[in-house]
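Observations on the model geometry
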Amino acid sequence: MSATSRPLIRWGAEPVVSRRALLGAGTAAVAALLVAGPFLPAAFAATYPSWDDVQAAKANEATKAAEVQRIQGLIQSLTGEVARTRTAAEQAAGAFYTAQQEYFDASIRADTLQSQADAEARNATDAANKAGRIAAQLYRDGGDTTSLELFFSGSAATADDLLSRLGVMDKLLERNQTVYAAALTARDAAQSLTDQAVVARDERDRLRRVAEQKMLESQQAADAAQVALDTQSLYLGQLQAQLAALEDTTARTVADYQAGVEAARIAEEQRLAAVRAEAERLAASGGGGGAVVSSGWARPTSGHRTSGFGPRSSRCGNGYCSTSYHYGVDLSGGCGAGIYAAAAGIVVYAGYNGGYGNYIKIDHGGGIGTGYAHIRPGGFYVGYGQRVNAGDLIGSEGNTGNAFGCNLHFEAYANGSPIDPTAFLASRGISI
């Protein structure tokens, strides 16, 4: 499996869960991932002591002191690597969020300018057609010599008629000039807006490339942090127990400490089993969330809509203010409610994303994507590179990032740009 397609276990993650079955991986799978060699950072290439090493070291004070020092160094290295990689991941996630929002802003701006340019172009066409019709009428009214002949005939009646007609021609000429000027103004405005739209699209495309690069960097940083955390989880408890065994001057044996590590491992397996059971319960009581319709799409959660797509009044709370443009819809099913894949696809991001908090992005192919934000801590049920089906349980609702409470912030993308998810899903038979 390639490095770009391998699924990684996220912070507190569980494997992908469908409405029909919860496919799990236990501690053994985590261990297999961590000892695979190529996926471990250089800092974790150390050789970890066995319990036989500890038992042997206890018999000799010099050996014991050296082993204590070595274990202390390994514990410090594990802890330091977790802190370092987590800080790097948080910084990368913040940069991704900023770049993503700048791209979204530029995308909306480009679309708005193009719509304005199209509207002004229609105005210019209408004005030009109107000017043409008046010019044609003016030509018809003054295009022969009859009026001049009548004027020179000396007939007062016919002269009055002629003056009347000439007056109409003057009015038509004046009106035609006004309409012509309006047509030129509309044409120039349309051209100006079109030029601005071209510049805006170029900037949008540039920012999209930046956002994609920042997303990749953020995912890589999140993966490194997860490997560090998983490695720490795998070895730290044993190292601490080994250190305690070496420093213990009482009658407790190495076997006692080893039994404690085993008991902790069993407790962790039981905790993971409970998490999987809760995920199964959420999947079974989806309340409409995750139900796949004939189009092959599913409702991403059972929650009702609390905020729509587009411009909105800014709200402040929890130390921040919301943006004036909402790039998705908020659906509130409650803390811990299941989040489901809206359609089949590949997970192209699973990690922290600044103001979005814990965030998953799925590529459905054909330029279509979906995003799921504010996932609760430990609420990832899929990892980067994983293939999911419509209706698979991929996470659970929380309030991470810039949220005013537990909810799912759901986004839909067309060629990377955000579009109204309500209309998008409605066209696929899903009501939100």
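Scroll up to find the structure this text is about.
First, a word on what this report is: a plain description of the structure on this page. Since the structure is predicted, the reported quantities are computational estimates derived from the model, not experimental observations. Per chain, residue numbering runs from 1 following the sequence as it is written. With pLDDT at 70 or above as the cut-off, local features in this predicted model cover only qualifying residues; side-chain atom pairs require 80 or more to be listed or tallied, and sums for whole chains, interfaces and linings still use all residues. As a convention, hydrogens and water are excluded, and side-chain values are obtained from all of the structure's heavy atoms.

1. Looking at the environment of R299
The test is simple: In this description a helix means any DSSP run of H or I spanning at least four residues, a strand means any run of E spanning at least two, and both kinds are numbered starting from the N terminus.
Within the fold, R299 resides in the loop between α6 (254-284) and β1 (304-307). For R299 and A343, which are 44 residues apart along the polypeptide, the C-alpha to C-alpha distance reads 9.0 Å.

2. Notes on the pattern of salt bridges
Where charged atoms from two side chains of opposite charge come close, those side chains can pair. As a reminder of what qualifies: By salt bridge we mean one thing: a side-chain nitrogen of Lys or Arg within 4 Å of a carboxyl oxygen of Asp or Glu.
Throughout the structure, instances matching the rule amount to 11 salt bridges. Residues joined by salt bridges that share partners form a network here, namely E262, R265 and E269.

3. Some details on the state of the cysteines
Note the following rule: Disulfide: a pair of cysteine sulfur atoms within 2.5 Å of each other. Summary of the burial criterion: residues with accessible area below 20% of their type's maximum are buried, those above 50% are exposed, and those between are partly exposed, where the area comes from a 1.4 Å probe applied to protein chains only.
The tally for this structure, following the rule as stated, stands at one disulfide. In this model C335 forms its disulfide with C406; the gap between the sulfur atoms is 2.0 Å. Of note, the bridge from C335 to C406 carries an S-S torsion of about 90° and is right-handed in sense. Residue C335 is located in the loop between β6 (329-332) and β7 (338-340), and its partner C406 is located in the loop between β12 (393-397) and β13 (408-414); the two are separated by 71 residues in the primary sequence. On the basis of relative accessible area, C335 is assigned to the exposed category, the value being 63%.

4. Observations regarding the environment of A92
We apply this condition: Pairs of residues are marked as contacts when any of their non-hydrogen atoms sit within 4.5 Å.
Structurally, the position occupied by A92 is in helix α3 (residues 61-142). The sequence separation of A92 and N353 amounts to 261 residues, and the corresponding C-alpha distance is 8.5 Å. Those residues in contact with A92 that lie beyond four places of it in its chain are K214, E217, S218 and A221.

5. With respect to the nonpolar core
Note the threshold: Put simply, a nonpolar core is a bunch of buried Ala, Val, Leu, Ile, Met, Phe, Trp, Tyr and Cys residues held in one set by side-chain atoms that sit within 4.5 Å of each other.
Counting 25 residues, the largest nonpolar core has W297, I360, I362, Y372, I394 and F410 as the members making the most contacts within it. Only β6, β8 (345-352), β9 (358-365), β10 (368-380), β13 and α7 (421-426) provide two or more residues apiece to this core. Tallying contributions element by element places β10 first for this core, with four residues. Those residues in contact with F410 that sit more than four places away from it in its chain are P300, G328, V329, L331, A342, T370, G371, Y372, P421 and L425. Membership of the second largest hydrophobic core comes to 18 residues, among which are W51, V68, L239 and V254.

6. Here's the deal with the packing of aromatic side chains
Note the following rule: Pairs were defined over the aromatic rings of Phe, Tyr and Trp, the Trp ring being its six-membered one, requiring ring centres within 6.5 Å. Orientation was assigned from the angle between planes: stacked under 30 degrees, edge-to-face over 60, tilted for the rest. Any Lys NZ or Arg CZ that is within 6 Å of a ring centre and within 35 degrees of that ring's normal is treated as a charge sitting over the ring.
This structure, assessed with the given rule, holds 13 aromatic pairs. Considering the side-chain rings of Y325 and Y327, the 5.1 Å spacing of their centres and the 35° angle between planes classify their relative orientation as tilted. With a relative accessible area of 21%, Y325 lands in the partly exposed category. Of the aromatic side chains, those joined through ring pairs into one cluster are Y103, F104, F309, Y325, Y327 and Y413. A cation over an aromatic ring shows up here: R252 above the ring of Y257, its NZ or CZ 4.1 Å from the ring centre. Taking NZ or CZ as reference, K361 lies 5.0 Å from the ring centre of Y413, over its face.

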